[in-house]
Amino acid sequence: MSRPQLPTIDVMERGATRGDVEQAMDRRLFMQLQVFTAPEGRNAGKFADALADSLRKAEVGGVVYADAHDPRGIGMLNWSEKPGDFVTRVRPLFADEPLSALVLRPELSMLGRTYALGHEQNLEHWILQRPIDNATQEGLDWAVWYPLRRRGEFETLPKEERMSILHEHSIIGRAYGAQSLANDVRLASHGIDRNDNDFTIGLVGKDLHPLSHVVASMRKTVQTSQWIEKMGPFFVGHVLHRVKF
C-alpha cells in the first residue's frame, strides 16, 4: 500500500485578482491589547502618560486607552508584523517604575493577526495599514474590543452556505462604516488566544452609542444568533494617547 500524500499547506494571504495578477503575500500584522489597573491611591492618568512616553522612546506604535469600566484602568494596543516585538520591545517597558507597578488584567488580554478573505482589492493596505489607520484615526476616540468563538460545526457547512452567512454579517458592518458610525478591525486568533477564541474584533468610532448599536444589530444575523458560541469579555476604552511611527 502506498502512503497517502501529505497535503500542500498554503500560508499566503490572497486577495482579488487585479487584471491578470493574483494578489498574494506572506505578510500580516499582529495586534495585541493588554489592560492594566493602576495601584490604589495613585493617579492612573500619570501612568497613562508614562506609558505613552515609554512607547515613544522605544519607537513602538500604540494606542493608550482609559478603561471605561475601571476608574484606575488603562488599556494598551500595540501592533507589529513581527510578533516577537511584543516580547522583546513591549514587555521590557514594564520592568521598571513606574510601569512595573501596573497590575495586568489577563482576562482582557487579546492577540490576533490580520487576514484576507480573498476579495480584497488592495491586499497590502487591507492587511498591513487599514487596521492601524482605523485604530489611530483622529476623532475616533471610542473603542470596543472583544474576542469571539464560533461553534465548531460552522466549518463543516457547505462553502456556499458559509459565505452567505458571512456576507449578511459583513453587509451590516459595511453599512455602519459607510455612514462613519463604526469602523472595524478584524483579527484571527486561532491558536494564539489564551481562551481558545477564534477572532478578536475591534470597533472604533466618534461616539460610543453606534458601537453598541452595531453589536446589537449583529445579534440578529444568522452567524451571531446561531453560530457564535461565545463573545467577550468586552473592553471599552476612550483614547488618551496615539503613538504613531
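The residue numbers shown here count from 1 along each chain, following its written sequence. Under the rules for a predicted model, residues below a pLDDT of 70 receive no local features and side-chain atom pairs below 80 are neither given nor counted, while totals for whole chains, interfaces and linings still include all residues. Side-chain descriptors were evaluated using all non-hydrogen atoms of the structure, hydrogens and water having been removed beforehand.

Go over helix α4 (residues 159-178) with me, naming the residues and quoting the values.
Taking 1.5 Å of rise per residue, the 20 residues of α4 would be expected to cover 28 Å, and the 28 Å separating its terminal C-alpha atoms lies within 8% of that figure. Within the span of α4, buried status applies to Ile 165, His 169 and Tyr 176. Viewed end-on, α4 has its buried residues packed into an arc of 25°, placing them on one side of the element. Within α4, the exposed residues directed more than 90 degrees away from the buried face are Lys 159, Glu 160, Arg 174 and Ala 178. Those residues of α4 that are buried lie in contact with α5 (208-218) and α6 (222-227). Strands here are runs of E lasting at least two residues and helices are runs of H or I lasting at least four, both read from the DSSP assignment and numbered beginning at the N terminus. Between the first and last residue of a helix there are one fewer steps than residues, each counted as 1.5 Å, and that sum is the expected span. Buried residues are those whose accessible area, probed at 1.4 Å on protein chains only, stays under 20% of the maximum for their type, while exposed residues exceed 50% and partly exposed ones sit between those limits. Relevant arc is that of directions from the helix axis to the C-beta atoms, nothing else. What makes two residues a contact is simply this: any of their non-hydrogen atoms within 4.5 Å.

Before we move on, can you summarise the packing of α4 against α5 with the specific residues and values?
To obtain an axis, a line is fitted to C-alpha atoms, over the contacting stretch when the element is a helix, and the angle between two such axes runs from 0 to 180 degrees between their N-to-C directions. Two elements in contact, α4 and α5, have axes whose closest approach is 10 Å; the angle formed by their N-to-C orientations is 160°. Taken as axis vectors, α4 and α5 run roughly antiparallel relative to one another. The two elements α4 and α5 meet at a crossing, and its hand is right-handed. Between α4 and α5, the residues in contact are His 169, Ile 172, Gly 173 and Tyr 176 and Pro 210, His 213, Val 214, Ser 217 and Met 218, respectively. The class makeup of the residues in the contact of α4 with α5 is five nonpolar, four polar and no charged. Geometric relationships in this document are graded by angle, where less than 35 degrees denotes roughly parallel, more than 145 denotes roughly antiparallel, 65 to 115 denotes roughly perpendicular, and other angles denote oblique. For a crossing to be left-handed, the near helix must be turned anticlockwise from the far one by less than a right angle; the clockwise case is right-handed. Side-chain classes follow a simple rule in which Ala, Val, Leu, Ile, Met, Phe, Trp, Tyr, Cys and Pro form the nonpolar group, Asp, Glu, Lys and Arg form the charged group, and the remainder, Gly included, forms the polar group.

So what about the pattern of salt bridges? Which residues, and what values?
Any two side chains of opposite charge can pair if their charged atoms end up close together. We define a salt bridge as a contact between a side-chain nitrogen of Lys or Arg and a carboxyl oxygen of Asp or Glu at a distance within 4 Å. One pass over the full model with this rule turns up 18 salt bridges. Between Asp 10 and Arg 14 there is a salt bridge, with its nearest N and O atoms 2.8 Å apart. Residue Glu 107 is joined to Arg 105 by a salt bridge in which the shortest nitrogen-to-oxygen separation is 3.1 Å. On the basis of relative accessibility, which here comes to 39%, the residue Glu 107 falls in the partly exposed class. Arg 105 gets classed as partly exposed once you look at its relative accessible area, which sits at 24%.

Give me the lowdown on the nonpolar core, citing residues and values where you can.
Core analysis: the biggest nonpolar cluster contains 25 residues, and Met 31, Leu 33, Tyr 65, Leu 77, Trp 79, Trp 145 and Phe 235 have the highest contact counts within it. Of all elements in the fold, only β3 (30-37), β4 (62-67), β5 (73-80), α3 (123-136), β8 (142-150), β9 (183-188) and β12 (235-243) reach the threshold of two or more residues within this core. For this core, the element with the most residues is α3, which contributes five residues. When residues no more than four places from it in sequence are discounted, the contact partners of Trp 145 are Leu 33, Tyr 65, Leu 77, Met 110, Val 185, Leu 187, Thr 200, Ile 201, Gly 202, Pro 233, Phe 234 and Phe 235. Buried residues of nine kinds, namely Ala, Val, Leu, Ile, Met, Phe, Trp, Tyr and Cys, make up a nonpolar core once their side-chain atoms join them within 4.5 Å. Among the nonpolar cores identified, the runner-up in size contains 22 residues, and Ala 38, Leu 51, Val 60 and Ala 101 belong to it.

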